[in-house]
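What the coordinates show
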There are 2 protein chains.
Amino acid sequence: MRGGCVETSCKVIKVNPREIKLVERFDAESFRSFLQNRLDLGEFSFSLTSLRKLSHFLRQEKPFKGVFVKEEKGLVLADLLEEESPVYGLAIDLGSTTIAFYLYDFERDAVLEESSILNPQTKHGEDILTRLHLARKREKLEEIRLETLEAINQEIERLNGKRIYYVSLCGNTAMTHLLLGLPVNYLILEPYPPVAKWYGVFRSLEVEFKIHPEGRVFIFPSAGAYFGGDLIAGLFFVELYKKDAPCFFIDVGTNAEVVLGNRDFLLACAGAAGPALEGGIFSAGCRAEPGAIYKVSINRASNQVYLETIGGHPPKCMCGSAIIDLMAQLFKEGVLSPEGRLIKESWRERVIETDEGRAFLVYEDGQRQILIKEPEIKAFIRSKGAMFCILSLLCEKSGLSFADVEKFYFAGSFGVNINVSSAVMLGMLPDSALDKAVAVGNSAGLGALKFLKHADFEEIKKIVDSITYLELNTEPRFMELLTGALFIPHVNLDLFPRVKSLIERS
Amino acid sequence: MRGGCVETSCKVIKVNPREIKLVERFDAESFRSFLQNRLDLGEFSFSLTSLRKLSHFLRQEKPFKGVFVKEEKGLVLADLLEEESPVYGLAIDLGSTTIAFYLYDFERDAVLEESSILNPQTKHGEDILTRLHLARKREKLEEIRLETLEAINQEIERLNGKRIYYVSLCGNTAMTHLLLGLPVNYLILEPYPPVAKWYGVFRSLEVEFKIHPEGRVFIFPSAGAYFGGDLIAGLFFVELYKKDAPCFFIDVGTNAEVVLGNRDFLLACAGAAGPALEGGIFSAGCRAEPGAIYKVSINRASNQVYLETIGGHPPKCMCGSAIIDLMAQLFKEGVLSPEGRLIKESWRERVIETDEGRAFLVYEDGQRQILIKEPEIKAFIRSKGAMFCILSLLCEKSGLSFADVEKFYFAGSFGVNINVSSAVMLGMLPDSALDKAVAVGNSAGLGALKFLKHADFEEIKKIVDSITYLELNTEPRFMELLTGALFIPHVNLDLFPRVKSLIERS
């Protein structure tokens, strides 16, 4: 292993000082000779911290450890430690709602703890744009930076931060700007230029993380205003850029961000299809929380809607995945028309009239009604149509059909929770997704974690630089495609052969 | 000019934002394209400080400045500034007695101010070894580090430190250890290993200098315990390593450090010959201060000793150079024998008996006597003999004679103040030094200053690595040579043909 090829962000080398001959005229040079000749370590430089400890460690009896951190331009001997001191890394997924942490032990190659906290920025609003508008003022940007930093530092201190020598952090472009205190004034103005693409490796003191003072902080780069470090980390984790056959990588949040590609190309697109998949369009929708309906099935004949709630509490609201399941069933049963209308005659007890138009009554008790309303369904159809069109457009632009796509990687909770067949039934995902869907979990966080083990700057740069970004706003073909997708599942039923056969059978 | 060839430690580039097209998807990339394509600047990276300012500066009307600092592995855009803000560098010569500062304006290529302060370590004793022994204790090392740092930081703050983006500092190996807080426990034990050879470039925060937070600090490397960064800076300034013909570089402090060499070789040696040249052996000796005798001439016939003192004050003590002048005259006049005895008969009024043996009475008034004592003269002879032997030995080892040496570069105040012919008369310097002596001033400080303008890491590394150090302790030839040199000027008078002819004439 040559220094240039050290893969891990932080390499820990155990040294027995009795094996080291102090033959050189300088202690540092004796240690360097030993490491390079005996352990085949490549070039590295010494931190001041390591120089301050070196002479004593070289002359002690007990073995000790050298902690090397990887920078873009080489290895640095950051610190020397007694044998029993652990050396940790920390991967951080800076989400706009939740900040997730993975504490990693470099020597044991093990995740010691996963935790998450609420992003304190949420107090300024769930919506990222609201926060960005606030942060146009310099003082407010600094206020938001400091409150984000403080929340992260609280968690770092709880995790014994002084033992952390490397942080790998990813966040979307807005989150990265707010964390680093970069101005967002132009990020919200056409053509939405982020300040920078590549941030690289900072000293802990520069970004004010309360890890070890010699610790380093890698911030994942942005490929654009709508394609941030979280996506890059996700691609790094899923390794789309290494696949032979083209695959989709689909990350659903406030936006739906989609990449189609393989080792030859990466074509990316983002659109407001996110809420369709997250169920954010529905007033009855909510996150997975106690009382949320997460499973639903209907029996029209017996006028039954069977529900399961988280924690078994009385129903309060519905998870996005449950809403999608419900709509797919309503469509299959003929309660929901291809245009998104609720057909009163099909289920008179449940399709009711409200001030906001027709609605499907999911649940009712003395205190509350849980309703799925027709205007919400219309909005959902627009959003699911956008999702389908993004996928279609990416295929079209790559000269591919859905059949050519080998896998659909779903990042985040969506892939884990959603019933892909329901999404296909509604025409949100193509028919072929049914057999090809793979849930990859929190790919952003896992990508950040992967960096701790495999700090390949060049590979990450290659990802960023090889992404071609497709701008929907300026793409006339998108509106053409959308027209056909504003039905359930689609104007052209032949695009959804399995849905077609299901409908025909029912 | 390519980035890799930027010579100055800190490059300031004026930019007119109206000339920059924001064509790239990222502000940083637009700026990079502009600098690389329009100004032919090479690779560089952005500091967080520069990223925080970039977007606003790019969109202002007024021109602004980019401040690039040179690291070993490339350029960093450290900061962006309004056009009128100055960009300074600071060269520091960390002497064991005096700390000298040179404030440098990078854009005007001008030294704005030279200043010096007392090294606060002197309160622990003039002697460096005393300080090193104190600093063996960890708390004491930290105390000395902090007091040195505080003294330097006071001067930095007085010099408007936040405008300083680069510090270039040299000091001997002990001073460098104490400043950086490196353990000195082994530096004082055979074989005297310094902690490190190469320190490289630190962030200001690492070494706790109160310059600009993005400022960098270069510390000159050591070639050994007795051959520190001050010497390396001196060689860098004098450019011995570029000369065609071999030259001597002689730096006189507590030790006399001597290098003989040219572009082909650098042979170095240090010995306790320093006091001979500084006059530190004599109880009547002192630094240049009010009342110090700096000029002396004798007239035996009229029993006169003519003195000139600094500030015209009543005589208090004698500068080293005046003592040497006086001894040369006493020798020439036959008052001082070649063995270093004062000949009473030669000048009965001035050669007097004291409790410490014979002495020459330089001056007397109601309050004080200024005496040069025989035991001091004996010690001086040992010391001047060592100096001559170091020079002889270096020539011998290089297969050269003094005639082959083109120049004698004298660093520090010695070369400026001393009468070289007196030193030759006493056999301290070879006869040929008379025509070849060049006083180069404070070459350490000037070498540090040169680095600000010409930050050539490779050249400095080459100097350090090409020095061969000759250990006097283990060199039998040194003692052989010394025997002949314990006379004035030498046992072999043919080595000093001009002195010989002077003596013969008198």
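Structure report, in brief. All of these numbers come straight from a predicted model, not from anything done at the bench.

Cut-offs and rules
Residues numbered from 1 in each chain as written. Chains lettered and ligands numbered in written order. Predicted model: local features only at pLDDT ≥ 70, side-chain atom pairs only at ≥ 80, totals over all residues. Heavy atoms only, no water. Helix = DSSP H or I, 4+ residues; strand = E, 2+ residues; numbered from the N terminus. Contact = heavy atoms within 4.5 Å. Areas by Shrake-Rupley, 256 points an atom, 1.4 Å probe, with all protein chains shown as cover. Lys, Arg positive; Asp, Glu negative; His and termini not counted. Charge placed at Lys NZ, Arg CZ, Asp CG, Glu CD. Salt bridge = Lys/Arg side-chain N within 4 Å of Asp/Glu carboxyl O. Buried < 20%, exposed > 50% of the residue type's maximum accessible area, 1.4 Å probe, protein only. Buried area = accessible area lost by both parts, 1.4 Å probe. Polar contact = N/O pair within 3.5 Å; in protein donor to acceptor, adjacent residues only side chain to side chain. Phe/Tyr/Trp six-rings, centres within 6.5 Å; stacked < 30°, edge-to-face > 60°. Lys NZ or Arg CZ within 6 Å of the ring centre and 35° of its normal.

So, about the overall build of chain A. Looking only at helices and strands, chain A features 17 helices and 23 strands. Taking the principal axes of the C-alpha coordinates as reference, chain A spans close to 95 × 50 × 45 Å. Contacts in chain A between residues at least 24 apart in sequence constitute 64% of all its contacts with a sequence separation of at least 6. Accessible surface for chain A amounts to roughly 20,100 Å². Of this, 49% is attributable to carbon and sulfur atoms. Taken together, the 59 basic and 68 acidic charged side chains of chain A have centroids lying 2 Å from each other.

Another point: the pattern of salt bridges. If you walk through the whole model with that rule in mind, you get 66 salt bridges over all chains. Note that R145(B) is salt-bridged to E142(B), the shortest N-O span being 2.9 Å. Of this pair, R145(B) and E142(B) both sit in helix α4 (residues 138-158), separated by three residues, roughly a single helical turn. Connected through shared salt-bridge partners, E239(A), K242(A), K450(A) and E459(A) make up one network.

What follows covers the environment of F487(B). All names here are of chain B. Summarising the element assignment, F487 is placed in the loop between α16 (476-485) and α17 (497-505). Overall, the relative accessible area of 27% leaves F487 in the partly exposed class. For F487 and H124, which are 363 residues apart along the polypeptide, the C-alpha to C-alpha distance reads 36 Å. Ignoring any residue separated from it by four or fewer positions in sequence, one finds F487 in contact with P338, E339, I381, K384 and L426.

Bring the parts together and some accessible area is lost; that lost area is often taken as the interface size. Contacts between the two partners involve 37 residues from chain A and, on the opposite side, 37 residues from chain B. Summing both sides of the interface, chain A and chain B together bury roughly 3,600 Å²; the carbon and sulfur share of this comes to 57%. Counting every contact that joins chain A to chain B gives two salt bridges. Close ionic contact of R203(A) with E206(B) constitutes a salt bridge, the shortest N to O distance being 3.1 Å. Along the contact surface separating chain A from chain B lie 15 residue pairs in polar contact (both at pLDDT 80 or more).

With that out of the way, let us pick up the packing of aromatic side chains. Residues and elements named next belong to chain A. Per the stated rule, a full pass over the model turns up 42 aromatic pairs over all chains. A cation sits over an aromatic face here: K450 above F236, 4.0 Å from the ring centre. Directly above the ring of W198 sits K461, whose terminal nitrogen or CZ lies 4.7 Å from the centroid.

Here we come to the environment of G181(A). The residue G181(A) is located in the loop between α5 (173-180) and β9 (200-203) in this model. Exposure remark for G181(A): the relative accessible area of 9% places this residue in the buried category. Between the C-alpha atom of G181(A) and that of E142(A), which follows or precedes it by 39 residues, the distance is 6.3 Å. When neighbours within four sequence positions are excluded, G181(A) is seen to be in contact with L141(A), R145(A) and R52(B).

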